[in-house]
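Coordinate inspection notes
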Amino acid sequence: MKYQRLFSLEGKVAFVAGGGGAIGAEMARACADYGAKVAIADLSIDAATTVAHEIAETGAKTTGVAVNITDVDSTAEAVAQAEDALGPLDIMINAAGIHIEQPAEEYDIASWDKVLAVNLKGGFILSQAAARSMIARGSGGSIIHVTSVRSGLGIRRGYASYVASKGGLALLIKQLATEWAKYQIRVNGIAPTFTRTPLVTDYLNDPAFYNALVERIPMGRVCETEDLAGIALFLASDASSFITGQNIFVDGGVTATQ
């Protein structure tokens, strides 16, 4: 049973930003299945409470909170609410993110600022809020960001702001991991390829799009939310206690071919 216990999250508290979305919700379910108390945080309080109620029906302890991760005060308040309800944070998962596609030569700065604010600035604000709590408690913790294969690869489409934000987040992960290792706080990333969620159903139902997509993925399928939940569980648990500063690609071999 020694190694089985490595994956247990019993007694731990997880805060999942973007928890109202498909990827964040799946990661939250995984943490709850392994014993964690889970705060579902989202810009939409309705989305957060819906997922929290669903998880609570399994017997797990949860709460839903509203958060604007681009705002320091909103994020600090959301963390405080989560801790009041569930206890001090052990795990921070950032599954929030946006994308606005425009050709680089036409990209407007308002859209650029919006994407960078959520994907990069928001990632730092969440990390900082979690770290302050973890440092004050003195028992370490795990911070996990969802990045993208585009954190290390360009694409022949209008992804300038997205790749810049995710690439910046990947390097920020290394920096924060380096700074906060002395506090036993681990910081890692999960970098998926195209993932099946309700937001992309129309794309995946288009045979031409789907076939072209999976042709580029050596394992011949798209990423599923369950693929990401498993690695989140690993990074949240003691099974990864000596892993920090990594951006782990969950991409069916995409980056191995680049």
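That block above? That's the structure.
Residues numbered from 1 in each chain as written. Predicted model: local features only at pLDDT ≥ 70, side-chain atom pairs only at ≥ 80, totals over all residues. Heavy atoms only, no water.

**A closer look at the layout of surface pockets**
Empty space among the atoms becomes apparent when a probe as large as a water molecule is rolled across them. Roughly 310 Å³ of volume is contained in the second largest pocket. Forming the boundary of the second largest pocket are 18 residues, of which Gly141, Gln184, Ile185, Arg186 and Ser241 lie nearest the centre. Counting residues per element, the ones that place at least two in the lining of the second largest pocket are β5 (141-146) and β6 (185-192). For the lining of the second largest pocket, the residue count by class is 6 nonpolar, 8 polar and 4 charged. (1 Å grid on protein atoms, 1.4 Å probe; cavity = no way out; pocket = protein on both sides within 12 Å on 5 of 7 lines; lining within 4 Å. Points joined across faces, edges and corners; volume = space filled by probe spheres on them. Helix = DSSP H or I, 4+ residues; strand = E, 2+ residues; numbered from the N terminus. Nonpolar A, V, L, I, M, F, W, Y, C, P; charged D, E, K, R; others polar.)

**A word on the packing of aromatic side chains**
By the definition in use, this model includes 4 aromatic pairs. Seen from their ring centres, Tyr203 and Phe209 are 5.1 Å apart, and the 45° between their planes marks the pair as tilted. Phe209 sits in the partly exposed class, given a relative accessible area of 23%. (Phe/Tyr/Trp six-rings, centres within 6.5 Å; stacked < 30°, edge-to-face > 60°. Buried < 20%, exposed > 50% of the residue type's maximum accessible area, 1.4 Å probe, protein only.)

**Considering the sheet that holds β5**
With parallel pairing, the 7 strands of this open sheet are ordered in space as β3-β2-β1-β4-β5-β6-β7. Edge strands, defined here as strands with exactly one partner in the open sheet, are β3 (62-66) and β7 (247-250). Averaged over all pairs of adjacent strands, the angle between their axes in this sheet comes to 20°, without regard to strand direction. Judged from the 4 bridges that link them, β6 and β7 form a sheet pairing that is parallel. Note on β7: the bridge partner recorded for Ile190 is Ile248. Taken strand by strand, helix α6 (residues 160-180) contacts β5, β6 and β7, and its axis lies near 160° from that of β6. In this fold helix α9 (residues 225-236) packs onto β4 (91-94), β5, β6 and β7, with an angle of close to 170° to the strand it touches most, β6. (Pairing = 2+ DSSP bridges. Axes fitted to C-alpha atoms, helices over the stretch in contact; angles between N-to-C directions. Contact = heavy atoms within 4.5 Å.)

**Let's talk about unusual backbone geometry**
For Gln184, which is not a glycine, the phi torsion comes out positive at approximately 60°. Examined against the element boundaries, Gln184 turns out to sit in the loop between α6 and β6.

**Brief notes about the packing of helix α2 (residues 22-33) against α9**
The interhelical angle for the contact between α2 and α9, taken along N-to-C directions, is 50°, at an axis separation of 8 Å. Compared by their axis directions, α2 and α9 come out oblique. At the point where α2 passes α9, the crossing takes the right-handed sense. In this structure, α2 uses Ala22, Ile23, Glu26, Met27 and Ala30 to contact α9, whose residues at the interface are Thr225, Glu226, Leu228, Ala229, Ala232 and Leu233. Looking at the contact of α2 with α9 residue by residue, the classes come out as 8 nonpolar, 1 polar and 2 charged. (Parallel < 35°, antiparallel > 145°, perpendicular 65-115°, else oblique. Left-handed = near helix turned anticlockwise from the far one by under 90°.)

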